[in-house]
Amino acid sequence: MAELPIPDLPPARCSGRFTISTLLGVEEGGRGPYTATEGSSCDSVQPTHLSSSTLCTRTFGYNTVDEVPAYEHYANSKGVGDPRKGRPSLADLHSILKPDPGRLRTPVSDLQQSNGLPEAGLEEAEGEPGRDSVPEPVRFGWVKGVMIRCMLNIWGVILYLRLPWITAQAGIALTWLIILMSVTVTTITGLSISAISTNGKVKSGGTYFLISRSLGPELGGSIGLIFAFANAVAVAMHTVGFAETVRDLLQEHNSLIVDPTNDIRIIGVITVTVLLGISLAGMEWEAKAQILFFLVILVSFINYLVGTVIPATAEKQAKGFFSYRADIFAQNFVPNWRGPEGSFFGLFSIFFPSATGILAGANISGDLKDPAVAIPKGTLMAIFWTTVSYLVLSATIGACVVRDASGSLNDSVAVGSPGCEGLACSFGWNFTACTQQQSCRYGLSNYYQSMSMVSGFGPLITAGIFGATLSSALACLVSAPKVFQCLCKDQLYPLIGFFGKGYGRNSEPIRGYMLTYVIAIGFILIAELNAIAPIISNFFLCSYALINFSCFHASITNSPGWRPSFRYYSKWAALFGAAVSVVIMFLLTWWAALIAFGIVIFLLGYVLYKKPDVNWGSSMQASSYNMALNYSVGLSEVDEHIKNYRPQCLVLTGPPNFRPALVDFVGTFTKNLSLMLCGNVLIGPRKQKMPESRLVADGHTKWLMKRKIKAFYTDVVAEDLRSGVQMLIQAAGLGKMRPNILVLGYKRNWRTASPQSLEDYVGILHDAFDFKYGVCLMRMKEGLNVSRVLQAHVNPTFEAAEHPENGTGNRAAPGTGKLDPLAPAVDPTALASEQQASTIFQSKQGKKTIDIYWLFDDGGLTLLIPYLLGRKKRWGKCKIRVFVGGQINRMDEERKAIVSLLSKFRLGFHEVHILPDINQKPRPEHIKRFDELIAPFRLNDGFKDEATVNEMRQGCPWKISDEEVDKNRAKSLRQVRLNEILLDYSRDAALIAITPPIGRKGRCPSSLYMAWLETLSQDLRPPIILTRGNQENVLTFYCQ
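This one's a predicted model, so the numbers in the text were calculated from it and none came from an experiment.

**Q** I would appreciate a short explanation of helix H24 (residues 660-670) in the present structure.
**A** Each full turn of the α-helix corresponds to 3.6 residues, which orients residues three or four apart in the same direction. Burial of H24 is extensive: 11 of the 11 residues sit out of reach of the surface. Of all the residues in H24, the buried ones are Pro-660, Ala-661, Leu-662, Val-663, Asp-664, Phe-665, Val-666, Gly-667, Thr-668, Phe-669 and Thr-670.

Shown next, in the form of structure tokens:
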């Protein structure tokens, strides 16, 4: 069907694919050289418009509309069913090809892009002279962009100032355990980052992008905001660390600028301003600065290692350094707890922040050449090398330096001198006095600058501290705006969109840089960050926990879209990492952990409340599907019981916005209780109506959501209304979640509508009973269909159809029950944004009554629906009255029997009325009105035999014979009398529920049955609900 004849093609223009303008180009003579000729096997005789605007020459010996797989067909794909660039639609391949002269010519760009290359390579393929080339943005590989950046952010002042002290306290063994425990968490997180970042193309936004696209905007947005803020404050923390070191150097040389506190502020502000200038200069300059810092740290580390093998001078020995000694290693191998922080978890909480920083590379994901390769490789290599450095430093310094030393050259003694205690005695030094008095100033346990003392050249260690602090500050200064920019572009929170604008070829967030700079300055001016530091650590840990949970959740949902190219991860390890991260949060600072969780929950609640219009295919969406599927399948294994009966409604609304009262009525008593399915029958040719069905379905669903109706929408295309409803009745639902009640509006125009539409309407009721459905008809005095008002509001020149209540979801052509084929399709975006019509079911009813006329025992459905309605807040103050028929001489007995029955049902209905006059003859004028109502539909056969009547009624089965009028006379008069009773007792009720009569199939003409319903419900101001169950119990007074 999609094949085309092979034309003689010029080889020079053939590159595996031809544009439409090439194959179907029109020459001056009128016919194109490749136009299909008569008798060809093509689907159409003329050129055709294809959605891809291209034809593809395959190697199978014929031309085909089909496209070969190409990059651009999948780029920028979003929702299922979105049109793809370049690929022909299913209609192009499957339907008859039609000419579209307006789109026969293809732009040059289509020809250029038809080579199947990725979009990134198109500019190279074009190579047009004289065209200004767009400068390529700076992109980094895995070493420069991720590994070095992460290593610099992981290394910090703790490496230089605290790790030797931790080694003295915990011993080499437990220090290694602390390091490996910390690294375990970061490694698991690194594996999770690697899996998430290789599951599709990663854009800018780093941690926020990974979490939000995995777990959705709710958790992603909250983490993105606090993570960006934490990075901004971390800039201040690292800058203050640098400023304090400079201040200490100034103090040693008595060269303070003002005073110790203000010096930190001055140095900090100057430093962060210089760092801002480096960042604003561009990512290339920032990367060069980071490499410089990296080299400084490496030199300082090598300087330390060289220092450990240089023989110790007397000054260094006095401070506890004796080069490598097995005795020192053995003594420092075991712990020696001291001070208030002398505990395993106390030291763990001090060290763990030095293992963080693994997200520095992921945070600039938009500036990487290939994030899917760079993030896993760079992050894991950074964790490995920094772990090695921590382990080596701990082992080497623990083998060289004793825990306590006085620093005094006078404490040297001869080896073996009496009264000397401690390991240093065997090396010729007596530190016994200061050890006993706990006044030693040097040694691993007392001197934070032990690395500087051991190193070959002390100032290089100071330079390393500068490099570690400044590189971390610079990394955070870059990370915060990048993450915040992505968050601003997604518009999850108000008032932050201003900061999302990017500048230059790298789309630098200049405004974000300035905001980060202001926040950093504010915290630098405080000059005391001990209180805020634990909160920042908890924010980072919170990010780790969510990254690990993202990986676990995406794996556990078994979504086909979870296909990371990085395979070396485990969902259970990710879950373990998430749990451990949360535990560590509380171990570090429990109150800071509570604050972090409180902020996350608040921001999560805001996004849940606002419900941003984003669709990222998150694992939460996949999880929702999994849960729904599992519960639906599990429900199939549950046996039905009367106690668990729920009214599951198939509502024939047509377009739901056309009958809002019907939607509101059913939505009120099914909300959070049972299934509601809005059905729409599109009448007309399938080929014509299928596009409309696909177009408007999403709009109707959004309209229901906007109205806060918890319901599904479905439609079918059928030749007539009845066959469409039969499809819905048989196919709607899933497993045990299938409708058991058919709800539809009353057909007000049955007297003037086409006879066939009348026959179809009553036939639908018969079909519902045949399929064991209950039936609920709703009639309102002003009618249900508001399409006339809606169309007039949208288009003032609209003229409504002659019979708007045709019982379908379509506008009827005048004088018919069928759809007007020229009626314009509803715009789905207009559906969701249109003004919502208000109905009686949306307003509070006050102290009115709900009157139930339980005339026939239908299983209890007539009682159940008003009861469920009365439980809702808007109807809660209404008093429910129950009316039943009875005999005047047995009123008390019958009333007691009904009250006893209702009390066993536990419905709370206490007001029961017996109608003894239900069998009285109606007033003559009302009888006359009924006779006039059915007169146009009578056959007037004069009581002829059945064969003659059937012959007269050939082609008009809705006609009523004289015999049928006579046989059903009593039943007809009953409806007339019931209407009189309704007018007497329930004129001012809020709602009337009544059991309608049932017309026997094949014995009661449709016009007679509609006359009964018309007579029963006419002239009533309140809404009337005609409810008939399927004669099976829906209420029980047993507990089993």
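**Q** For this particular structure, what's the right way to read the packing of helix H7 (residues 163-197) against helix H13 (residues 326-333)?
**A** Packed helices, taken two at a time, are described by the angle their axes make and the gap between the axes. In contact at an axis separation of 6 Å, H7 and H13 are set at 95° when each is read in the N-to-C sense. One element, H7, and the other, H13, form an angle in the roughly perpendicular class. Across the interface between the two elements, Thr-167, Gly-171, Ile-172 and Ala-173 of H7 pack against Phe-329, Asn-332 and Phe-333 of H13. Grouping the amino acids of the contact of H7 with H13 by side-chain chemistry returns 4 nonpolar, 3 polar and no charged.

**Q** Hey, could you run me through a nonpolar patch on the surface in this one?
**A** A cluster of nonpolar residues, Leu-305, Met-381, Phe-384, Trp-385, Val-388 and Val-392, forms a patch on the protein surface that exposes about 460 Å² of accessible area. Looking at the nonpolar patch, the element that brings in the most residues is helix H15 (residues 371-398), giving 5 residues. Among the structural elements, Trp-385 can be located in helix H15. A relative accessible area of 40% means that Trp-385 is categorised as partly exposed.

**Q** Is there a simple way to think about the state of the cysteines in this case?
**A** As used here, a disulfide is simply a covalent bond connecting the sulfur atoms of two cysteines. All chains considered together, the criterion is met by 1 disulfide. Each sulfur of the disulfide joining Cys-434 and Cys-440 lies 1.9 Å from the other. Because the torsion about its S-S bond is 80°, the bridge between Cys-434 and Cys-440 counts as right-handed. When its relative accessible area of 9% is taken as the criterion, Cys-434 is described as buried.

**Q** I keep staring at the pairing of strand S5 (residues 649-652) and nothing clicks. Help me out?
**A** Residues in a regular strand point their side chains to alternate faces of the sheet. Side-chain alternation along S5 places Cys-649 and Val-651 on one buried face and Leu-650 and Leu-652 on a second face that is also buried. The pairing of S5 with strand S6 (residues 676-683) spans 4 bridges and is classified as parallel. Pairing of Val-651 across the sheet is with Cys-678, part of S6. Looking at chain direction, S5 and strand S8 (residues 741-745) are connected through 4 bridges and run parallel. Following the sheet pairing, Val-651 is matched in S8 by Val-743.

**Q** Any chance you could explain the sheet that holds strand S10 (residues 849-853) here in plain terms?
**A** Strands belonging to one sheet form pairs held by backbone hydrogen bonds; the direction of such a pair is parallel or antiparallel. Read from one edge of the open sheet, 10 strands run S7-S6-S5-S8-S9-S14-S13-S10-S11-S12, paired in mixed fashion. Whereas interior strands pair on both sides, the edge strands pair on one side only; in this sheet they are strand S7 (712-718) and strand S12 (911-915). The mean angle between the axes of side-by-side strands here comes to 20°, regardless of whether they run parallel or antiparallel. As judged from the 5 bridges shared by S8 and strand S9 (residues 774-779), these two strands associate in the parallel manner. Each bridged residue has a counterpart across the sheet, and for Leu-744 the counterpart in S9 is Leu-777. Set on the sheet, helix H25 (residues 686-706) makes contact with S6 and S7; between it and S7 the angle comes to about 165°. Strand contacts of helix H26 (residues 721-731): S5, S6, S7 and S8, with the helix running at about 135° to S7, the strand carrying the most contacts.

**Q** Would you take a moment to explain the pairing of strand S11 (residues 879-885) for this structure?
**A** For S11, the buried fraction is high: 5 of the 7 residues fall into the buried class. Here S10 pairs with S11 via 5 bridges, running parallel. Paired with Ile-852 across the strands is Val-882, a residue of S11. Crossover S10 to S11 through helix H30 (residues 861-870) is right-handed. Pairing analysis gives 5 bridges linking S11 to S12, with the strands arranged parallel. When the sheet's bridge partners are listed, Arg-881 is paired in S12 with Glu-911. Running through helix H31 (residues 891-905), the crossover from S11 to the neighbouring parallel element S12 is right-handed.

**Q** Just to check I follow, could you spell out the nonpolar core for this structure?
**A** Nonpolar side chains in soluble globular proteins tend to end up buried together. Judged by nonpolar contacts, the single largest core of 134 residues is most densely connected at Tyr-160, Ile-193, Ile-223, Phe-351, Tyr-390, Val-401 and Ile-584. Beyond its immediate sequence surroundings of up to four residues, Ile-193 is in contact with Leu-210, Ile-358, Leu-359, Ala-362, Ile-375 and Ile-547. Leu-758, Ala-768, Tyr-773 and Cys-956 belong to the second largest nonpolar core, which has 57 residues in total.

**Q** Before we go on, may I ask you to explain the packing of aromatic side chains in this structure?
**A** Working definition: an aromatic ring pair is given by the centre-to-centre distance plus the angle between the planes. Following the criterion strictly, the structure yields 28 aromatic pairs and no others. Between Phe-242 and Phe-466, the ring centres sit 4.9 Å apart and the planes meet at 70°, which makes this aromatic pair edge-to-face. Taken together, the residues Phe-242 in helix H9 (residues 217-252) and Phe-466 in helix H18 (residues 458-490) connect sequence positions 224 residues apart. For the ring pair Phe-566 and Tyr-568, a centre distance of 5.7 Å and an interplane angle of 80° mean the geometry is edge-to-face. Positioned above the aromatic ring of Tyr-503 is the side chain of Lys-501, whose terminal nitrogen or guanidinium carbon lies 5.3 Å from the ring centre.

The rules we used
- Residues numbered from 1 in each chain as written.
- Predicted model: local features only at pLDDT ≥ 70, side-chain atom pairs only at ≥ 80, totals over all residues.
- Heavy atoms only, no water.
- Buried < 20%, exposed > 50% of the residue type's maximum accessible area, 1.4 Å probe, protein only.
- Helix = DSSP H or I, 4+ residues; strand = E, 2+ residues; numbered from the N terminus.
- Axes fitted to C-alpha atoms, helices over the stretch in contact; angles between N-to-C directions.
- Parallel < 35°, antiparallel > 145°, perpendicular 65-115°, else oblique.
- Contact = heavy atoms within 4.5 Å.
- Nonpolar A, V, L, I, M, F, W, Y, C, P; charged D, E, K, R; others polar.
- Patch = residues over 30% accessible without salt bridge, like charges linked within 9 Å, V, L, I, M, F, W, Y side chains within 5 Å.
- Areas by Shrake-Rupley, 256 points an atom, 1.4 Å probe, with all protein chains shown as cover.
- Salt bridge = Lys/Arg side-chain N within 4 Å of Asp/Glu carboxyl O.
- Disulfide = S-S within 2.5 Å.
- Pairing = 2+ DSSP bridges.
- Right-handed = clockwise from strand over helix to strand, strands pointing away.
- Core = buried A, V, L, I, M, F, W, Y, C linked by side-chain atoms within 4.5 Å.
- Phe/Tyr/Trp six-rings, centres within 6.5 Å; stacked < 30°, edge-to-face > 60°.
- Lys NZ or Arg CZ within 6 Å of the ring centre and 35° of its normal.

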